[in-house]
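# Structure at a glance
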Amino acid sequence: MTTIDDLLSVEIFKDLPPDNLSVLLPLLAELNVPADTTIIYRGDPGSSMYMVLNGSVTVTLINDEGVEYSLATMGAGDIFGEMALMTGEPRSANVKSITSVRLLELEQNDFFELVASHPAIYDRLLKLLIQRRSRNAAYQETLSSRHKGNIASLFAESPPNIDQFVGKTNWTNDVNADLKRLSVNKNNVLICGERGTGKHLAAQLIHFKHPDNSDPLYHLDCANPPPVQREATTDKEKANTGLLSEVAQMSALFGHGKGAGSFAQSLRRGYLELADNGTVILENIDALAAPVQQRLVDFIRHGTFTRSGDPELLASRVRILATTTIQDVDLVKSGSLEPDLLTLVGVERLNLKPLRLRKKDIPDIAEYCLQEFNRKYNKDISGFTKDSLNLLVEYLWPFNVDGLRQVVERAVVTTSGSVIEEGQIFLHTSTFTTTGKFNLLKIPTIRRLVNYQFFPNGLRFLTVPFILALILFTLTGPPEKNPANLVVWAIWWPFLIASIIISGRGWCGYCPLPTISDGINFYRRKFFSVPSFLVKNGVWIGIAGFALILLSEHATHMFTGAHATSILLLTILAGAVVTNFFFGKRVWCKHVCPLGKMVAQSTTLSLIGLDSNSSVCSSQCLTHDCVKDESCPMGLHPSAVASSKDCILCLECIKRCKHQSVRLNARLPWRELLVRERWDVAGAFFAVSLTALVLAVKIPSWKPVSLILPESLAGNALFMDVVVAVLIGLIFTAVAFLASGFPRNSAWKRNFTIAGYAYLFLAFAGFFNIYFHEFVYQGQNLLPWIVELVGMSDIIPADLITPNLGTLKALIPLITLIGAASSISILTKLARKHSISSGVNKTHQGIMIATALLFLLIL
């Protein structure tokens with residue numbers, strides 16, 4: 001049973017006197033709604049207002065792909081449905097219970113009865129609703145005392161929190177002057193510009209810059225008007241969408257009388273009536289149906305109209321501020337707008353430039369957005385680094401200022417330091433419709449697996465004891481013929497490298513090192529700021545560390561020496577623990593880890609990649625749940641395809657995205673290179689140096705080399721494993737530089753960067769074969785060594801448990817040939833696309849062929 005205490009818990013009732021609440025109490029019906037139940041549907045008639053007593057609800061819409069996404073969450077004390085109650089508009093969104101919900105419902109008939117019999121209560125409720133919806137106190141004080149005027153003002157738009165366009169270019173100064181001029185003359189205005197250029201803001205400023213800005217301002221998106229009935233769900237219903245849209249536009253602008261149609265259960269006042277003496281913004285006016293355009297022409301000419309289904313002639317004085325993404329010269333040619341309507345709404349014209357044509361304004365707009373989001377998220381970020389600001393200025397911004405705001409907001413959300421670094425600027429550098437991709441989440445089984453709570457993080461329950469066991473047994477077990485050592489080099493490493501082809505940096509998602517280091521440092525709450533040197537040069541540190549590891553593997557003969565392997569594993573673990581201790585979680589993974597950098601630079605080869613639908617992220621996402629609260633351990637956003645090399649496929653963004661915008665794509669592994677526009681020298685240098693490292697670690701042990709060198713040098717292990725290896729690596733890298741035109745050709749660096757990436761396929765094949773060779777030639781010893789270690793070799797014959805892996809030997813040259821052919825093919829395509837000279841192209845191809853032949857001989 002509902003009590004006065006229940007009413008006092010509702011926001012708009014808590015300040016009402018008890019006597020007024022006693023009058024309200026009999027008019028309210030109590031509802032108990034189970035979890036996951038739709039309470040109201042978008043498009044249903046608005047006949048009641050709801051108040052939440054207990055539980056929570058979510059306000060949702062359905063996008064063009066049929067995916068339901070959340071706009072807001074409401075809890076105890078909140079209300080919803082008030083606009084439909086007061087204006088008769090259909091519901092503008094769906095509302096669904098998240099938990100079991102206890103609600104109070106106030107029906108429209110009871111509300112109007114309350115208006116007639118207790119005007120004091122009505123005025124009090126109206127004032128409270130105005131205070132709840134409006135953010136401008138001065139604006140509230142000017143509201144009309146008439147019921148109709150109050151309702152009009154209550155649901156009108158509030159002033160924007162900015163009073164001019166930001167920037168200091170001549171165009172920005174001119175447009176601000178135009179806005180001031182247009183605000184005074186009261187003429188209709190047509191505002192043209194691309195999506196996101198600020199057309200709606202311009203219309204708001206024109207209205208609110210007027211000296212008397214207390215008159216109401218209404219906004220209608222003609223392309224998406226409030227529906228007049230529940231949203232279509234079947235194909236048959238969707239076939240009538242065009243007609244329903246026309247009816248919805250007519251109803252929103254002119255209103256309808258009770259009984260005007262099956263949807264018209266009560267009277268509805270249109271925006272032209274509610275905005276009397278004020279302004280209506282008609283966004284996407286070109287989307288108005290032809291009959292609606294004609295009625296609008298008649299209204300502008302005569303100042304009178306009738307509601308649909310109601311013969312009463314109504315008068316209204318309304319200023320029209322229309323917006324369109326079509327240039328005004330093309331509106332009539334394309335048939336989008338009636339010539340008479342274009343003339344009437346386009347008495348004044350305002351054309352807004354896209355952001356790419358006023359790049360000098362970008363730093364000012366970014367700084368303004370930064371301060372706005374600092375306040376929103378309670379942060380104190382001082383600004384942008386030069387590199388991050390350059391990245392913003394260089395980008396073409398297809399969604400203009402709207403897109404820039406989204407990127408800055410995500411940067412603020414993910415930044416924990418005092419400035420925004422280049423790594424926090426997430427730009428969608430390729431279109432979602434790029435061919436060569438298939439969204440694996442369309443397969444129900446894969447979507448269920450991905451959304452499973454413990455996938456892939458639960459795999460750490462296996463990898464943590466696995467790595468600890470390897471460290472323990474390589475450290476305490478026999479120095480030779482150690483099964484744990486064989487697992488490291490013949491099984492674990494080939495698996496890790498092969499996993500790159502399937503899931504890129506996916507291994508890092510369940511790598512045991514962060515889990516162990518987090519566990520050791522669980523008590524730490526405050527950390528030092530990550531040094532800027534580490535952020536800027538982490539990739540080079542990681543590549544150098546990886547080269548050092550690869551050389552030390554062979555110089556210390558880790559393939560056969562278990563104790564050397566244990567020292568390597570302990571060193572890497574210690575690096576993760578110490579880095580975590582000083583700088584916090586995942587700093588090792590982001591900036592230092594040699595294995596992570598190796599995998600990251602190889603993700604181009606991956607058959608699976610993660611990205612998002614940039615249109616959904618820019619137009620529907622209001623929460624940034626996929627990056628808030630460190631939900632992404634690497635601090636990334638799924639729209640940033642350029643940062644995919646750092647994505648560890650933890651899949652948290654898929655689990656958190658309420659809009660199902662994130663995509664888990666199966667893709668052609670070379671597609672990323674062919675569509676790439678931005679190239680970094682680190683990736684090219686890694687591919688070339690990895691090729692050089694394979695040669696460096698294998699050529700010194702090649703018999704023809706020992707025959708060429710003097711016997712004293714050939715027998716010197718230190719000289720062969722270190723000095724010769726380093727010389728080979730340096731010589732190969734120098735040859736790649738010379739092949740790119742160094743130093744005679746000024747474009748050598750560009751040539752090297754683009755051509756260098758093509759080496760990745762060949763380099764990866766050679767690198768994988770080093771460890772696959774161990775599996776093929778030594779893998780059969782694993783079970784016999786285990787049996788020997790536990791003292792059961794007399795009971796279990798070695799021949800019985802020794803598998804024959806000899807047939808796999810044929811795969812080693814095959815993998816090399818596939819890698820070489822892929823590199824040569826990709827180089828040819830890249831050379832053609834980026835106009836690399838024929839001489840540079842053929843020279844690099846020759847190096848690849850020669851390298852492949854060497855791989856066949858030494859691997």
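This write-up is about the structure you can find in this document.

Calculation notes
- Residues numbered from 1 in each chain as written.
- Predicted model: local features only at pLDDT ≥ 70, side-chain atom pairs only at ≥ 80, totals over all residues.
- Heavy atoms only, no water.
- Helix = DSSP H or I, 4+ residues; strand = E, 2+ residues; numbered from the N terminus.
- Buried < 20%, exposed > 50% of the residue type's maximum accessible area, 1.4 Å probe, protein only.
- Contact = heavy atoms within 4.5 Å.
- Areas by Shrake-Rupley, 256 points an atom, 1.4 Å probe, with all protein chains shown as cover.
- Expected span 1.5 Å × (residues − 1).
- Pairing = 2+ DSSP bridges.
- Axes fitted to C-alpha atoms, helices over the stretch in contact; angles between N-to-C directions.
- Core = buried A, V, L, I, M, F, W, Y, C linked by side-chain atoms within 4.5 Å.
- Salt bridge = Lys/Arg side-chain N within 4 Å of Asp/Glu carboxyl O.
- Arc of directions from axis to C-beta.
- Disulfide = S-S within 2.5 Å.
- Phe/Tyr/Trp six-rings, centres within 6.5 Å; stacked < 30°, edge-to-face > 60°.
- Lys NZ or Arg CZ within 6 Å of the ring centre and 35° of its normal.
- 1 Å grid on protein atoms, 1.4 Å probe; cavity = no way out; pocket = protein on both sides within 12 Å on 5 of 7 lines; lining within 4 Å.
- Points joined across faces, edges and corners; volume = space filled by probe spheres on them.
- Nonpolar A, V, L, I, M, F, W, Y, C, P; charged D, E, K, R; others polar.

Helices and strands together make up the secondary structure of the protein chain, namely 38 helices and 20 strands. Within the protein chain, buried positions represent 53% of all 859 residues. Considering only contacts within the protein chain whose residues lie at least 6 apart along the sequence, 79% involve residues at least 24 apart. As displayed, the protein chain has an accessible area near 38,400 Å², and 59% of this comes from carbon and sulfur atoms.

Here the focus is helix α18 (residues 400-414). Relative to the 21 Å expected for 15 residues at 1.5 Å per residue, α18 spans 22 Å between its end C-alpha atoms, a close match to the ideal helical length. Within α18, 13 of the 15 residues are buried, which leaves it mostly tucked inside the rest of the structure.

On to the sheet that holds strand β14 (residues 319-324), then. Strand order in the open sheet formed by five strands is β10-β11-β14-β9-β15, and the pairing between neighbours is parallel. Of all strands in the sheet, those bounded by a partner on one side alone are β10 (217-221) and β15 (348-351). Strand after strand, the sheet turns through a mean of 15° between neighbouring axes, direction not considered. Where strand β11 (residues 279-283) meets β14, four bridges bridge the pair, whose relative direction is parallel. Paired with threonine 279 across the strands is arginine 319, a residue of β14. Across the sheet, helix α8 (residues 170-185) touches β9 (189-192), β14 and β15, and the angle it forms with β15 is around 155°.

Trp492, Trp493, Met598, Ile654, Phe767 and Tyr771 are the most contacted members of the largest nonpolar core, which has 119 residues in total. The contact partners of tryptophan 493, leaving out residues within four places of it in the chain, are Val488, Glu553, Leu595, Met598, Phe767 and Tyr771. Counting 33 residues, the second-largest nonpolar core is a separate cluster that includes Ala289, Leu314, Val318 and Leu337.

Mapped onto the elements, threonine 58 comes out in strand β4 (residues 57-62). Under the relative-accessibility criterion, threonine 58 is labelled buried at 11%. Not counting residues within four places of it along the chain, the set of residues in contact with threonine 58 comprises Ser70, Ala72, Thr73, Asn94, Val95, Lys96 and Ile98.

The next subject is the sheet that holds strand β2 (residues 38-40). Pairing is antiparallel in the open sheet, where four strands are placed in the order β2-β7-β4-β5. Where the open sheet ends on each side, the last strands, each with one partner, are β2 and β5 (68-74). The mean inter-strand angle of the sheet, taken between neighbouring strand axes irrespective of direction, is 35°.

Now for the pattern of salt bridges. Taken as a whole and judged by the stated rule, the model has 15 salt bridges. A salt bridge links arginine 307 to glutamate 273; the nearest nitrogen and oxygen atoms lie 2.8 Å apart. Taken together, the residues span a long stretch of sequence, with arginine 307 in the loop between β12 (304-306) and β13 (313-315) and glutamate 273 in helix α12 (residues 271-274) at a distance of 34 residues. Glutamate 273 shares its class with arginine 307; the two are buried. Here glutamate 372 ties to arginine 405 by a salt bridge, and the two come within 2.8 Å at their closest N and O atoms. Here arginine 405 lies in helix α18 and glutamate 372 lies in helix α16 (residues 362-376), a separation of 33 residues in the sequence.

Another point: helix α20 (residues 460-476). An α-helix turns once per 3.6 residues; consequently, residues spaced three or four apart project the same way. Its 17 residues place the ends of α20 24 Å apart at the C-alpha level, agreeing with the 24 Å of an ideal helix rising 1.5 Å per residue. Among the residues of α20, Thr463, Val464, Ile467, Leu470, Ile471 and Thr474 are the ones counted as buried. Buried positions in α20, seen along its axis, are confined to an arc of 130° and lie on one side of it. Turned more than 90 degrees away from the buried face of α20, the exposed residues are Phe461, Leu462 and Thr476. Tucked into the core, α20 has its buried residues touching α21 (483-503), α22 (512-520) and α24 (562-583).

So, on to the state of the cysteines. A full pass over the atoms with the stated rule returns zero disulfides. Lacking any disulfide linkage, cysteine 647 is separated from the closest cysteine sulfur, that of cysteine 653, by 6.2 Å. Its relative accessible area of 17% is what places cysteine 647 among the buried residues.

The subject of this paragraph is the packing of aromatic side chains. Under the defined criterion, the tally for this structure stands at 33 aromatic pairs. Seen in terms of ring centroids, tryptophan 679 and tyrosine 757 are 5.2 Å apart; in terms of plane orientation they differ by 70°. Their pairing is edge-to-face. Pair noted here: tryptophan 679 is in the loop between α29 (671-675) and α30 (681-698) and tyrosine 757 is in helix α34 (residues 748-758), with a separation of 78 residues, a long-range link. Look at tyrosine 757 and you get buried, because its relative accessible area is 4%. With 4.7 Å between their ring centres and 65° between their planes, phenylalanine 737 and phenylalanine 752 make a pair best called edge-to-face. Taken together, the positions of phenylalanine 737 in helix α33 (residues 717-739) and phenylalanine 752 in helix α34 put the pair 15 residues apart, joining distant regions of the chain. By relative accessible area, phenylalanine 752 is classed as buried at 1%. Grouping aromatic residues by their ring pairs yields a cluster made of Phe466, Trp489, Trp492, Trp493, Trp507, Tyr510, Phe546, Phe559, Phe686, Phe767 and Tyr771. A cation sits over an aromatic face here: arginine 195 above phenylalanine 399, 4.2 Å from the ring centre. The positively charged end of arginine 295 is found above the aromatic ring belonging to phenylalanine 254, 4.2 Å away from the centroid.

Counted by the stated rule, this structure contains six cavities of 30 Å³ or more. Counted as a void, the largest cavity has a volume near 240 Å³. If you trace the largest cavity, you find 21 residues lining it, with Trp507, Cys511, Leu513, Cys593 and Leu595 closest to the centre. Those elements that place two or more of their residues in the lining of the largest cavity are α20, α21, α22, α24, α25 (587-592) and α26 (594-601). In terms of residue class, the lining of the largest cavity is built from 19 nonpolar, one polar and one charged.

Looking at where isoleucine 754 falls in the secondary structure, it is placed in helix α34. Residues isoleucine 754 and glycine 683, 71 residues apart in the sequence, show an inter-C-alpha distance of 9.4 Å. With residues up to four places along the chain from it excluded, the contact list for isoleucine 754 reads Trp679, Leu830, His834 and Ile836.

Between phenylalanine 455 and proline 456 the backbone carries a cis peptide bond, its omega angle lying at 0°. With respect to the helices, strands and loops of the structure, proline 456 is situated in the loop between α19 (444-450) and α20. At asparagine 378, a position not held by glycine, the phi torsion is positive, near 55°. Tracing the backbone through its elements, the reader meets asparagine 378 in the loop between α16 and β16 (383-384). Given a relative accessible area of 72%, asparagine 378 falls into the exposed group.

Purely geometric stuff here, so don't read any function into it on its own.
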